[in-house]
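Structure assessment
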Amino acid sequence: MSLTSNTMNFGSDSDPAIKEFNTTKLLKNARKQAEDRNYKDFFICDVDSHHYETEALPEILQYMDDPVMRHLGLSAGNVGRAGLIPQAIGSQDMAGRVTRYAGRNKEIVPEKPHRDITLARRWMDAMGVDMACLFPTPMLLLATHPQVEVEVAMARAYNRWLCERILEEDKRIVSMVYLPMNEPHEAEKIIDEFAERKGVVGFLSTGYLKRPVHDNANMRIYAKLEEHGMPLGFHAAYHWADTSLAQLNKFISVHALGFSFCNIIHMTNWVLNGMPERFPKLNTMWIESGLAWIPFLMQRLDNEYMMRTSDAPLLKKKPSDYMREMFYSSQPIELVDNKEALEVTFKMMNAETQLLYSSDYPHWDMDLPSTIYDIPFLDEAAKRNILGGNAQKLFNLDPIMSEWKQNA
């Protein structure tokens with residue numbers, strides 16, 4: 001069977017949509033939504049957005065201490081990222097149909113400010129987002145690298161680059177910087193180095209880890225986070241090589257289960273091993289694993305706990321009570337036909353105070369602010385809390401409104 005020329009051109013240099021790519025034009029309907037819904041009247045913070053940090057890999061490697069590892073990366077340029085950062089399997093761009101994946105490389109931007117700042121401002125302004133928490137993308141799998149020294153070196157170099165080149169230059173962009181959990185002593189050093197840096201609002205544990213979150217080696221990490229008053233985010237990822245997910249034969253299967261499964265494992269260990277009791281001042285946020293798993297896990301853990309309380313001696317209340325005190329990002333919100341299920345989910349997790357809006361832009365399954373604003377059972381106060389107020393409190397933000405809103 002032969003392929004048509006149109007099929008072959010998806011995502012290629014000959015695709016007109018890619019040649020003329022512009023984020024503002026791509027998101028023109030998002031901007032219309034923002035205007036129609038009067039987003040100018042209130043603060044919106046996106047707590048989980050992404051850039052493709054490997055596009056700036058030569059810049060990042062200049063901040064790496066290890067000269068041999070730095071040379072290894074620089075000698076191959078961006079092509080050599082596989083040696084430093086594990087790559088995910090799967091067609092995220094849907095065979096080129098999601099044009100922003102390939103288009104971002106060709107988008108024309110001014111020389112200053114940094115390219116990533118310009119691109120971020122464009123999608124933020126289009127969506128009506130005032131401030132955004134920016135995360136890496138390929139590095140979400142960095143914790144699975146077989147060489148822990150690579151994770152540590154990349155984490156420190158990326159964090160330094162991010163703080164100096166991005167966060168220092170734009171007050172609207174903040175980040176929970178990468179925390180190499182697989183090497184606890186180095187993680188402690190990174191907390192000390194970056195906790196007071198401009199734009200750093202917390203620290204991020206990414207995807208699948210080599211040791212469980214309740215391992216005794218991690219306790220000093222959590223204590224240090226408490227000392228600095230910084231929240232810890234658990235950003236889920238899928239890892240097709242995981243022994244459970246390896247049984248799945250479809251990308252949609254891995255994507256549907258992998259993100260939720262990742263945080264289900266971490267949350268179960270976190271709660272049943274009494275981390276909320278041991279570190280009561282440490283706020284946690286659970287990122288990019290959807291919401292549908294939360295009621296399931298609350299009920300499942302409560303049921304088991306009531307039958308075997310002796311297995312979790314540190315707990316002073318039911319697992320669901322601890323989970324209701326944690327914070328969650330909204331994406332990807334399961335907007336299915338059964339709105340009753342979504343309403344129950346919001347009620348069980350105390351969404352009005354614990355849920356934070358996230359777009360996950362520019363990923364293929366992103367959510368616009370309208371996914372929250374248009375939910376019929378939310379009142380105006382709840383919408384504004386979720387879209388920005390809860391993030392303002394968790395991250396202690398001084399809200400900065402976009403120029404569009406300031407001039408409205």
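Note that the structure is a prediction, hence the values are computed from the model and not measured.

In this section: the packing of helix α4 (residues 28-36) against helix α8 (residues 115-127). Packing of α4 against α8 brings their axes to within 6 Å, and their N-to-C directions diverge by 45°. Between α4 and α8, the angle is such that the two are oblique. Facing A30, R31 and A34 of α4, the residues of α8 in contact are D125, A126 and M127. Across the contact of α4 with α8, the residue classes break down as four nonpolar, no polar and two charged.

Attention now moves to the confidence of the model for the protein. In the predicted model, the protein carries a mean pLDDT of 92, and the fraction of residues at 70 or more is 94%. Counting interchain partners and residues more than four positions distant, the pLDDT-below-50 stretch residues 1-11 has 10 contacts.

Turning our attention to helix α12 (residues 251-272). A rise of 1.5 Å per residue sets the reference length of α12, with its 22 residues, at 32 Å; its end C-alpha atoms lie 31 Å apart and thus fit the reference within 8%. The sharpest bend along α12 measures roughly 30° and falls at G258. G274 sits one or two positions beyond α12 and adopts a positive phi of about 75°.

Membership of the largest hydrophobic core comes to 98 residues, with the highest contact counts inside it found for M127, M154, F203, Y222, W270, Y328 and F346. In terms of residue count, helix α9 (residues 148-167) provides more of this core than any other element does, 11 residues in total. Dropping the residues within four chain positions of it, M127 is found in contact with L27, A30, A34, Y39, Y357, S359, Y361, M366, L368 and P369. Judged by nonpolar contacts, the second largest core, of 18 residues, contains M285, F327, L356 and F395.

What counts, and where the lines are drawn
- Residues numbered from 1 in each chain as written.
- Predicted model: local features only at pLDDT ≥ 70, side-chain atom pairs only at ≥ 80, totals over all residues.
- Heavy atoms only, no water.
- Axes fitted to C-alpha atoms, helices over the stretch in contact; angles between N-to-C directions.
- Helix = DSSP H or I, 4+ residues; strand = E, 2+ residues; numbered from the N terminus.
- Parallel < 35°, antiparallel > 145°, perpendicular 65-115°, else oblique.
- Contact = heavy atoms within 4.5 Å.
- Nonpolar A, V, L, I, M, F, W, Y, C, P; charged D, E, K, R; others polar.
- pLDDT = per-residue confidence, 0-100.
- Expected span 1.5 Å × (residues − 1).
- Bend = angle between axes of the 7 residues up to and from the residue.
- Core = buried A, V, L, I, M, F, W, Y, C linked by side-chain atoms within 4.5 Å.
- Buried < 20%, exposed > 50% of the residue type's maximum accessible area, 1.4 Å probe, protein only.

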